[in-house]
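Results of the structural survey
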Amino acid sequence: EAGVAQSPRYKIIEKRQSVAFWCNPISGHATLYWYQQILGQGPKLLIQFQNNGVVDDSQLPKDRFSAERLKGVDSTLKIQPAKLEDSAVYLCASSFQGGELFFGEGSRLTVL
Amino acid sequence: ILNVEQSPQSLHVQEGDSTNFTCSFPSSNFYALHWYRWETAKSPEALFVMTLNGDEKKKGRISATLNTKEGYSYLYIKGSQPEDSATYLCAFRNDYKLSFGAGTTVTVRA
């Protein structure tokens, strides 16, 4: 069974530039999560989708971050414009009916 | 934001020794407690999903206990091996949201 796919694995950008991350969850998993993990901290939920609807985006900085899950399958997370404090690992995960999360390998963002 | 605390933040263990560490979480609106292992350069992987007070789960040399009334879970590693070196994350789920602790980073010295 294919796992959660994420790309790119690494991205380095200048502040004020934009970046987009892509995630393809495990087939059949209705719930998709985007987490931000800053060094030394636990993963922080940015947004949770159930199919193509948003369940929770309370911690998503909506002035610069956006996410979509058109057709309820793969998802993109965009940051525009990026700030230095956005340097982090962006983890995508999916789950089936609220069970354990299956994570991708993450996208490491460095903002200079 | 749900307050999930893990302690200690990091620990070093001699190969062959046993160790344990704690996750504390809100004792209200409990739905499940997850444990994940996150090895360097890999994806976090689920170890346990625990749902009942008093649950004890075991996978090889790793086991976990759960006390939902007082809001804590322990993870135990028996006879630590170098391959156990990782960050161990716990996550608390209420009726709809899963919130992670900051993790305990375990380094096993040969």
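Read on for an overview of the structure.

A word on the interface of chain B and chain A. Between chain B and chain A, the residue contacts involve 18 residues of the former and 22 residues of the latter. Together chain B and chain A conceal approximately 1500 Å² of surface at their shared face, both sides included; 56% is due to carbon and sulfur atoms. Linking chain B to chain A there are 6 residue pairs in polar contact (both at pLDDT 80 or more). Those elements that place two or more of their residues in the side of chain B that touches chain A are strand S4 (32-38), strand S5 (45-50), strand S9 (86-93) and strand S10 (98-100) of chain B.

Residue and element names in this part refer to chain A. Burial analysis of strand S4 (residues 31-37) places 7 of its 7 residues in the buried class, which makes it a mostly covered element. In S4, alternate side chains face the same way, and those of Thr31, Tyr33, Tyr35 and Gln37 on one face and Leu32, Trp34 and Gln36 on the other are all buried. Direction of pairing for S4 relative to strand S5 (residues 44-50): antiparallel, over a ladder of 6 bridges. When the sheet's bridge partners are listed, Leu32 is paired in S5 with Phe49. Between S4 and S5, which pair antiparallel and follow one another directly, the connecting turn spans 6 residues, one of which, Gly40, has a positive phi of 90°. In the sheet, S4 pairs with strand S9 (residues 88-95) via 7 bridges, with the strands oriented antiparallel. Looking across to S9, one finds that Thr31 is bridged to Ser95.

It is worth spelling out the pairing of strand S3 (residues 19-24) of chain A at this point. Residues and elements named next belong to chain A. The side-chain alternation of S3 yields one buried face, formed by Val19, Phe21 and Cys23, and one unburied face, formed by Ala20, Trp22 and Asn24. Sheet topology note: the strand S1 (residues 5-7)/S3 ladder contains 3 bridges and is antiparallel. In the strand pairing of S3, Ala5 is matched with Asn24. The pairing of S3 with strand S8 (residues 75-79) spans 5 bridges and is classified as antiparallel. Counterpart to Trp22 in the pairing with S8 is Thr76.

Thresholds, definitions, all that
- Residues numbered from 1 in each chain as written.
- Chains lettered and ligands numbered in written order.
- Predicted model: local features only at pLDDT ≥ 70, side-chain atom pairs only at ≥ 80, totals over all residues.
- Heavy atoms only, no water.
- Contact = heavy atoms within 4.5 Å.
- Buried area = accessible area lost by both parts, 1.4 Å probe.
- Polar contact = N/O pair within 3.5 Å; in protein donor to acceptor, adjacent residues only side chain to side chain.
- Helix = DSSP H or I, 4+ residues; strand = E, 2+ residues; numbered from the N terminus.
- Buried < 20%, exposed > 50% of the residue type's maximum accessible area, 1.4 Å probe, protein only.
- Pairing = 2+ DSSP bridges.

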